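Topology and contacts: notes
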Amino acid sequence: MNPPEVPFYEIGPGAEIAPNVQLGYRYPGCRVPTRIGGRARIHSGTVIYADTTIGERFTCGHNVTIRAECEIGDRVVILHGCTLEGRMKIGKGVKIMPHVYIPSRTVIGSMVFIGPGTTVLNARFPMREAKVGGPTIGNNVVIGGGVTIGPGVVIGDNVFIGAGATVLKDIPANSLAFGTPAKHQPLPEKFGSRNDPRQVFCGLDLWDNRPGDETWKEEDFFGRAEWLSEQQP
Ligand SMILES: CC(C)(COP(=O)(O)OP(=O)(O)OC[C@H]1O[C@@H](n2cnc3c(N)ncnc32)[C@H](O)[C@@H]1OP(=O)(O)O)[C@@H](O)C(=O)NCCC(=O)NCCS
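A tally of regular secondary structure across the protein gives one helix and 26 strands. Counting across all 233 residues of the protein, residues that qualify as buried make up 42%. In the protein, the proportion of contacts linking residues at least 24 apart, taken out of those at least 6 apart, comes to 34%.

Structure below.
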């Protein structure tokens, strides 16, 4: 089913693919090759299924599983040990820390940070009811480490979720939420109003420190222009 000598993927120029990475993993009924934009960097042990599309400058740690029918935008970073079940959408400039689980039918906006060990859920009564529906997460959201996000929950733009929260109900835009079950309040001013796009690739070996990364255009990142203007004294 998966003869490595017959590639089932297309990737843009400048990619760095480590040994022992499987791109375009075939499964019964798969249709089109995995498509990945230019300048991807994918570390060993990662498997990306057929029928998934990923944008430019994808950075991926070790042992990441990305199953079929994921649509992932430009400049996304996914660190080691994450699992993305199929059928989901992820915007641009999203940073997913290690050991995060994201089920199918999840929608994630742009410039979102997801802390380590976060678990996203898509079934309210697993094995009792066939219905599944993942959460919808807005733009410029920060989700702390070890958070659990329940099925079908809608999280608005510029929400900040504290570490360890269990989010079972919708969180309106511009809120701070934490606790189990999570309670929300208006986002205090010190949290600012959006994420810093420069932090998507920062980290020890993370990141896109190769020459030529000064090419960001305003449209590459949701809200980058506004973020920059807020930094002016
Ligand atoms: C939610 C958060 C931003 C609050 O920070 P803060 O505004 O500086 O809040 P404080 O530390 O002053 O705490 C205020 C109160 O909220 C409580 N609190 C803060 N964070 C909490 C959390 N995650 N869960 C439950 N209670 C929390 C504190 O215990 C404190 O309670 P008290 O007033 O009864 O003593 C922060 O605690 C947090 O969770 N950040 C995310 C860190 C993270 O996950 N990073 C991942 C990257 S590796």
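Once the structure has been displayed, the description carries forward.
Here we come to the sheet that holds strand β26 (residues 183-186). The ten strands are arranged β2-β5-β8-β11-β14-β17-β20-β23-β25-β26 in an open sheet whose pairing can be described as mixed. Looking along the sheet, the strands with just one partner apiece sit at the ends: β2 (16-17) and β26. Summarising the sheet, strand β23 (residues 160-161) and strand β25 (residues 175-178) pair through two bridges and their orientation is parallel. Bridge pairing links F160 to L176 in β25.

For the rest of this paragraph, the subject is the sheet that holds strand β19 (residues 136-137). Spatially, the eight strands line up as an open sheet ordered β1-β4-β7-β10-β13-β16-β19-β22, and their pairing is parallel. The open sheet has two free edges, formed respectively by β1 (9-11) and β22 (154-155), since each of these has just one partner strand. The pairing of strand β10 (residues 70-72) with strand β13 (residues 88-90) spans three bridges and is classified as parallel. Opposite I72, over in β13, you have I90 as the bridge partner.

T180 connects to P181 through a cis peptide bond whose omega is -10°. Turning to its location among the elements, P181 is positioned in the loop between β25 and β26. One non-glycine residue, H99, adopts positive backbone phi at about 60°. Along the chain, H99 turns up in the loop between β14 (95-96) and β15 (101-102). For H99, a count of 17 C-beta atoms within 10 Å puts it in the partly exposed group. Notably, R105 is not glycine yet its phi reads approximately 65°, a positive angle. Relative to the helices and strands, R105 resides in the loop between β15 and β16 (107-108).

Pairing of β25 with β26, which is carried by four bridges, proceeds in the antiparallel orientation. Its bridge partner being in β26, S175 is matched across the sheet by P186. From the end of β25 to the start of β26, which pair antiparallel, there are four residues, and G179 there has a positive phi angle of about 95°.

We now examine the nonpolar core. Counting residues in hydrophobic clusters, the biggest one holds 52 residues, and the most contacted among them are I78, I96, V112, I161 and V167. Both domain 1 (1-86) and domain 2 (93-185) contribute no fewer than three residues apiece to this core. Excluding residues that lie within four positions of it along the chain, I161 makes contacts with V142, I143, G144, V147, V167, A177, F178 and A182.

Further remarks concern the environment of G24. Locating G24 in the fold gives a position in strand β3 (residues 22-25). Distance from G24 to Y9, taken between C-alpha atoms, is 5.0 Å for residues 15 residues apart in sequence.

Mapped onto the secondary structure, V153 falls in the loop between β21 (148-149) and β22. We classify V153 as partly exposed; it has 19 C-beta atoms within 10 Å. Setting aside chain neighbours within four positions, we find V153 in contact with P135, V167, L168, K169 and D170.

Here is what the cut-offs are and how they apply
- Residues numbered from 1 in each chain as written.
- Predicted model: local features only at pLDDT ≥ 70, side-chain atom pairs only at ≥ 80, totals over all residues.
- Helix = DSSP H or I, 4+ residues; strand = E, 2+ residues; numbered from the N terminus.
- Buried ≥ 20, exposed ≤ 12 C-beta atoms within 10 Å, placed from the backbone.
- Contact = placed C-beta atoms within 7 Å.
- Pairing = 2+ DSSP bridges.
- Core = buried A, V, L, I, M, F, W, Y, C linked by C-beta atoms within 7 Å.
- Domains from an automatic or database assignment.

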